[in-house]
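Observations on the model geometry
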Amino acid sequence: MSASDPRRDALRRAADRIARCRTQPTAPDGALPLWNAAFFGLDRVACFGEADAETRQSVLADCAASMLAESWHIERCGIDYCARMTLTAEDDDERRLFALIGADEARHAGWLAPWLAPGAPEPDPFNRFIAGLAATGTPQALAFLLQVVLEGFGTTHYSALAAHCRDAGLADVFQRLSRDEALHHAAGLAAFRPDGLTPGDRRFLADATQVFLEMIRCGPQAVVAALDKGIGLGDQADVAATFAAIDAGAAGAAKLARLRRLMAQPGMAWLVDTLAAGGLFAPCPAPDCARIYTASR
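Quick caveat, the model's predicted, so the values are computed rather than measured.

1. Thoughts on the pattern of salt bridges
Tallied over the entire structure, the rule returns 8 salt bridges. For the salt bridge of Asp172 with Arg176, the shortest nitrogen-to-oxygen distance reads 3.0 Å. Placement of the pair is Asp172 and Arg176 together in helix 8 (residues 168-191), with a separation of 4 residues, close to one helical turn. Salt-bridge contacts for Arg297 lead to Asp228; the nearest nitrogen and oxygen are separated by 2.7 Å. With Arg297 in the segment after helix 14 (286-295) and Asp228 in helix 10 (residues 221-230), the pair connects residues that are 69 residues apart, well separated along the chain. Looking at Asp228, the relative accessible area reads 15%, which means it is buried.

2. Observations concerning the confidence of the model for the protein
Of the residues in the protein, 94% have a pLDDT of 70 or more, and the chain-wide mean is 91. Per-element confidence in the protein is highest for helix 13 (residues 269-277), whose mean pLDDT is 98, and lowest for helix 1 (residues 6-21), whose mean pLDDT is 68.

3. Concerning the packing of helix 7 (residues 139-164) against helix 8
One way to put it is that helix 7 packs onto helix 8 with a least axis distance of 7 Å and a crossing angle of 155 degrees. As the angle between them shows, helix 7 and helix 8 are arranged roughly antiparallel. Classified by chirality, the crossing of helix 8 by helix 7 is left-handed. Taken together, the residues that form the contact of helix 7 with helix 8 break down as 12 nonpolar, 11 polar and 2 charged.

Rules of the game
Residues numbered from 1 in each chain as written. Predicted model: local features only at pLDDT ≥ 70, side-chain atom pairs only at ≥ 80, totals over all residues. Heavy atoms only, no water. Salt bridge = Lys/Arg side-chain N within 4 Å of Asp/Glu carboxyl O. Helix = DSSP H or I, 4+ residues; strand = E, 2+ residues; numbered from the N terminus. Buried < 20%, exposed > 50% of the residue type's maximum accessible area, 1.4 Å probe, protein only. pLDDT = per-residue confidence, 0-100. Axes fitted to C-alpha atoms, helices over the stretch in contact; angles between N-to-C directions. Parallel < 35°, antiparallel > 145°, perpendicular 65-115°, else oblique. Left-handed = near helix turned anticlockwise from the far one by under 90°. Nonpolar A, V, L, I, M, F, W, Y, C, P; charged D, E, K, R; others polar.

Right, dumping it as structure tokens:
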């Protein structure tokens, strides 16, 4: 089906009308950069401070674009996840719950859209990974991973984005997202039954959480990529020094501790213990973060 297909266009317009009826119109107020250098840890990177104003602005714009694209893709993934959960619901109450959450996810994607660059952004490896989980996991495994863990993490993540955003409209959007994520996390706690996990579900969760945590452990890869694109970072030693300057370890440790608390639900000690035994709740040292980045450079 082409992008200009009349039916597809009509469906999009109908969805847009419904979405507009359920939220106050919000538009960018033109504040740039959307987040300052300190938010990304760039104020501690010497080459960033020594760059000219135009270059610094470009790096911050790339960091913001990556953050926004990630958030937008996650919300769109939530639409697909809720569609699956609605179809596989065991009763009317569960079906209604996931239909309502799916409607929220669709609104969230629409709220974020005005701040995206023209054209839908390509999903990064993290977004492709989450989309793959949503397409292949079973309802109970996904309720734990996507709602209890990911949406629980989203409450603090979106709240931080809101608190430090310089665009008042976008800050309001992220604050709304944070409030909704808290509701979705609570819904996940209600839907998830650890005693309903099959051996296959347990293997799925063990594999998926390992990959998920590895992505968090390797530090702010997108921020370093924006620096490399805008300024150039040299060899692997320079990249490692950049990760260290950003203080990726401390920031990563806080995120990993939060994820561990979210995973430590009743009946899930087996998973937390397995991940902890593998050192997956500890951030990678800066040289390891640098090796991961330069391998895909």
